[in-house]
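Listed below are the residues making up each chain.
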Amino acid sequence: MNDRTILKDRPALTFTGSPLDRGDLIRRDPDMLVAASHHQDARCILLRAGEPAMSADNTLHRFEMSDTANWDATGPLVYLGETAGQPLFACENKIETPAPHGTEFFDARQAARLMIHADAAIFAQARSLFAWRERHQFCANCGSPTRQAGGGAKRVCDACDAEHFPRVDPVVIMLAVDGDNCLLGRQENWPDGVWSALAGFVEPAETLEEACARELLEEAGVTADIAGIRYVMCQPWPLPHSLMVGLVAPVTDTTLTIDTHELEQARWFSRAEVITMLDGTHAEAVMPPSIAIARRLTELWVDGAI
Ligand SMILES: [Zn+2]
């Protein structure tokens, strides 16, 4: 198939578009949080080691609040927000806890592909919060234990009064382009044949454009036209708590010098070749699945939209 119309109808990126009102006022008021948890329509989703409990119909299962009483949780419930007046909480159970009757735990990536769009965003919020909570049980300022506050939106140290807020780690992910060619790379531990846009964490005192240019130079040896780098879109990535910032980056020097500590391979792909990778007709190379912003960037580039 070589029908580029398939690229024109683009759904919103996975993990975006949460329907929840995150309820800042409620999170600030312990009494309102308790009232929300006792609301007759309150429900709770469940994760275990980052994997969501899903119903047989591939929805994120909404448990009754009373179901949570006997669970073996890693910590207090987290308040995610509300939609249509229905408060929604999240619980994370310990790793050895079996899935409650009628549900099954799914690997995070698999779950994200199966879920309806709104559920994926809710799952992402819960997964990132739990991942952060797990790693911030102790105060980074004084080393004392921290406790949950704000319904899970922060942690507080009673020893030194420090407040700790959930991390979001910005990552630039960029499609380097040179006319009708784009640069893709692959890492050694990826499945065979998968190629993707290059990416890297933004470092302190760096703009997105500077991070993009630095990563391209470090990983592939190519020089970007920093004034020509453009923001395209971004995507929360809850593995564990990144924000993938998608950019397109024209380059002034296409010569590749690959950092083999970071990449197994990188090379320039023609537009025609990328079209077959997206269509699934390329003999050996494929793009990441549709949940990945890297795929969307290449779709937009192929379509002339960026
Ligand atoms: Zn402290």
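Residues numbered from 1 in each chain as written. Predicted model: local features only at pLDDT ≥ 70, side-chain atom pairs only at ≥ 80, totals over all residues.

Trainee: It is not clear to me how the environment of Ile26 should be interpreted in this structure. Could you clarify?
Mentor: Tracing the chain through its elements places Ile26 in helix α1 (residues 24-27). The spatial distance from the C-alpha of Ile26 to the C-alpha of Leu217 is 46 Å, given a sequence separation of 191 residues. Beyond its immediate chain neighbours, meaning those up to four positions away, Ile26 contacts Met32, Leu33, Ala36 and Tyr79. (Helix = DSSP H or I, 4+ residues; strand = E, 2+ residues; numbered from the N terminus. Contact = placed C-beta atoms within 7 Å.)

Trainee: What's the story with the sheet that holds strand β9 (residues 163-164) in this structure? I'm lost.
Mentor: Strand pairing in a sheet is mediated by backbone hydrogen bonds. Such pairs are either parallel or antiparallel. Pairing is antiparallel in the open sheet, where 3 strands are placed in the order β7-β8-β9. This sheet does not close on itself; its edge strands, each paired only once, are β7 (146-149) and β9. Here β7 runs beside strand β8 (residues 154-157); their pairing, made up of 4 bridges, is antiparallel. Residue pairing for β8: Thr146 is matched across the bridge by Cys157. (Pairing = 2+ DSSP bridges.)

Trainee: Is there a simple way to explain the domain arrangement of the chain in this structure?
Mentor: Many authors give the size of an interface as the accessible area that is lost as the parts come together. Here the chain is partitioned into domain 1 (24-135) and domain 2 (168-302). Using C-alpha coordinates to define each centre, domain 1 is positioned 33 Å away from domain 2. Counting residues at the interface gives 8 residues for domain 1 and 7 residues for domain 2. When residues of the side of domain 1 that touches domain 2 are traced back to their parent elements, those giving at least two are α3 (108-114) and α4 (117-135). Sorting elements by how many residues they give to the side of domain 1 that touches domain 2 places α4 first, with 5 residues. (Domains from an automatic or database assignment.)

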